[in-house]
Amino acid sequence: MVGTVDVTGKTISINFGKEVPDVTVLMSVYNGERWLEEVIRSILGQTFANFEFVIVNDGSTDSSLKIIKRFAGQDSRIHIIDKPNSGLADSLNQGINIARGKWIARIDADDLCEPERLFMQYAFAQKDPSLVLIGTGLRVIDQYGKLIKKYYYPKSHKALLSRLTSAQAFFAHSSAFYKAEVVKAIGGYRKRIKRSQDLDLWLRLSEVGCLACIDKPLVSIRQHDDQVTHEDGGKRQILDACIALISYWSRCQEFDDPVSLVYSDANFMYFQEWVFKRLSQEKIFENYASAKQLRKQILCKSYSLPALLKALPILLGKIRIVLQYLYQKVLGESFTKRLSLEWELMHRKY
């Protein structure tokens, strides 16, 4: 069977196999040639075989498309969308639109999957029909593939939702395994949120089904200097995360959702500028940067008693910053919930 996808006036032919896959693996690539072969091989080497692999080339100017086409010529499960650059959210949505799998497994072009990842997530999904999103633990690796640390996350819906709403550490986007029909029904990723579109989608999914996590590191997340989260000191990441949370609390309190398309682009921009201003007033950006630098100073030291005693003055000298940062992390839920109410009250005046 041949499918065609129209992308900004460009028609793309996709050869689909006869068998409808259980899983669609979805990846967007923009100039990802450095680690692209490695991640593609980690998907094609899965122990679970009934999947299709949709790769969206988001206007790459390097050799990414050439690499993808070479693998597609070797494995018919790979389907390519080649389009002009439009960003991650739009690229993933175009992949979601053609996905035939019951479940969609995300992976980024610089990360890796363990061979049993798809098998374990698909098997887990069959246990509970209320599940809409399943994550996994992770391994953090450096640019050379060397293990830095392993992370594990809560398994229950309640604990995971608590982490989301208080902006605590959550399982990686590259470990996400979500129900295709539900994601399509709620509109996929929202393009207005540039850096935390995954957080926004997880929050919206939590309103229609259950979240879960497998307590085994089934993906490897690569840390490197080119990651978008490192741009502008992480300010855009913080801003968009707050916008996603304010949007969530607005829906919970039956206010208008400021990210929805009910808001015009001009009104959304005004809302975004207001959130940025409030974050600046509360010194969120400043405290985050200071806490990040402090953490870096402490972690670079060994954990011997003399080294820890030497690091103590650093902690004491910046105790105010540490306390403010911890307050924001622990009470992040009340902070964004408060901002949603502030915005609603201000919005009603106009």
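Being a predicted model, the structure only gives us computed values, none of them experimental.

This next bit is on the overall build of the protein chain. The number of helices and strands found in the protein chain is 13 helices and eleven strands. Within the span of the protein chain, comprising 350 residues, buried residues form 51% of the whole. Restricting the contact set of the protein chain to residue pairs at least 6 apart, pairs at least 24 apart contribute 78%. Of the roughly 17300 Å² that the protein chain leaves accessible, carbon and sulfur atoms contribute 56%.

Attention now moves to unusual backbone geometry. Unusually for a residue other than glycine, A167 sits at a positive phi of about 55°. Within the secondary structure, A167 is located in the loop between α5 (157–165) and β10 (177–179). Residues other than glycine seldom take positive phi values, yet K283 does so here, at roughly 60°. Residue position: K283 is located in the loop between α9 (265–281) and α10 (284–299).

Overall, the coordinates contain twelve aromatic pairs when judged by the stated rule. Relative to W249, the ring of Y248 has its centre 5.0 Å away and its plane inclined at 65°; by these criteria the two rings are edge-to-face. W249 matches Y248 in its accessibility class, with the two residues each being buried. Where W274 meets W343, the ring centres are 5.3 Å apart and the plane angle is 50°; that geometry is what we call tilted.

Glancing now at the pairing of strand β9 (residues 147–151). Taken together, the four bridges between strand β8 (residues 131–141) and β9 define a ladder with antiparallel strand orientation. By the bridge assignment, L138 is partnered in β9 with Y151. Between β8 and β9, which pair antiparallel one after the other, the connecting turn spans five residues, and G145 there sits at a positive phi close to 90°.

The element strand β4 (residues 51–58) is largely enclosed, with a buried count of eight among its eight residues. Across seven bridges, strand β3 (residues 23–29) lies against β4 in parallel orientation. Along β4, the bridge assignment pairs V25 with F53. Note on the crossover from β3 through helix α1 (residues 36–44) to β4: the handedness is right-handed. Across six bridges, the pairing between β4 and strand β5 (residues 78–83) is parallel. Bridge pairing in β5 links V56 to I81. Between β4 and its parallel partner β5, the chain crosses via helix α2 (residues 64–74), and the hand of that crossover is right-handed.

Across the interface, helix α7 (residues 197–206) lies against helix α8 (residues 235–252) with an axial gap of 9 Å and an inter-helix angle of 20°. Here α7 lies roughly parallel to α8, going by the angle between them. As for how α7 packs across α8, the hand of that crossing is right-handed. Across from L199, D200, L203, R204 and S206 in α7, the residues of α8 making contact are A241, A244, L245, S247, Y248 and R251.

Because an α-helix packs 3.6 residues into every turn, residues spaced three or four apart end up facing the same way. Listing the buried residues of α5 in full gives L160, L161, L164 and T165. Seen along its axis, α5 keeps its buried residues to an arc of 130°; they face one direction. Phi for A167, located one or two positions after α5, is positive at around 55°.

Moving on: the side chain of H79. Residue placement: H79 occurs in strand β5. Looking at H79, its side chain comes within polar contact range of the side chain of E52, at 3.4 Å.

It is worth spelling out helix α3 (residues 88–98) at this point. Among the eleven residues in α3, nine count as buried, and that is most of the element. Restricting attention to buried positions, one finds in α3 the residues A89, D90, S91, L92, N93, Q94, G95, I96 and I98.

Right, let's get into the packing of α5 against α8. Between α5 and α8, the shortest axis-to-axis distance is 10 Å and the interhelical angle comes to 120°. For the element pair α5 / α8, the angle class is oblique. On α8, the residues that touch L161, L164 and T165 of α5 are L245, Y248 and W249. Here the contact of α5 with α8 is built from residues that sort into five nonpolar, one polar and no charged.

By size, the foremost hydrophobic cluster in this structure holds 95 residues, and its most contacted members are V23, M27, I40, F53, Y178 and W202. A per-element tally of this core places α8 first, with ten residues. Here I40 is in contact with M27, F53, I55, I68, F71 and I78, once residues within four sequence places are set aside.

Counting all residues, the mean pLDDT for the protein chain is 86, and 79% of those residues have values of 70 or more. When the criterion is pLDDT under 50, residues 1–16 qualifies, and its contacts beyond four places in sequence or with other chains add up to 39 contacts.

The rules we used
- Residues numbered from 1 in each chain as written.
- Predicted model: local features only at pLDDT ≥ 70, side-chain atom pairs only at ≥ 80, totals over all residues.
- Heavy atoms only, no water.
- Helix = DSSP H or I, 4+ residues; strand = E, 2+ residues; numbered from the N terminus.
- Buried < 20%, exposed > 50% of the residue type's maximum accessible area, 1.4 Å probe, protein only.
- Contact = heavy atoms within 4.5 Å.
- Areas by Shrake-Rupley, 256 points an atom, 1.4 Å probe, with all protein chains shown as cover.
- Phe/Tyr/Trp six-rings, centres within 6.5 Å; stacked < 30°, edge-to-face > 60°.
- Pairing = 2+ DSSP bridges.
- Right-handed = clockwise from strand over helix to strand, strands pointing away.
- Axes fitted to C-alpha atoms, helices over the stretch in contact; angles between N-to-C directions.
- Parallel < 35°, antiparallel > 145°, perpendicular 65-115°, else oblique.
- Left-handed = near helix turned anticlockwise from the far one by under 90°.
- Arc of directions from axis to C-beta.
- Polar contact = N/O pair within 3.5 Å; in protein donor to acceptor, adjacent residues only side chain to side chain.
- Nonpolar A, V, L, I, M, F, W, Y, C, P; charged D, E, K, R; others polar.
- Core = buried A, V, L, I, M, F, W, Y, C linked by side-chain atoms within 4.5 Å.
- pLDDT = per-residue confidence, 0-100.

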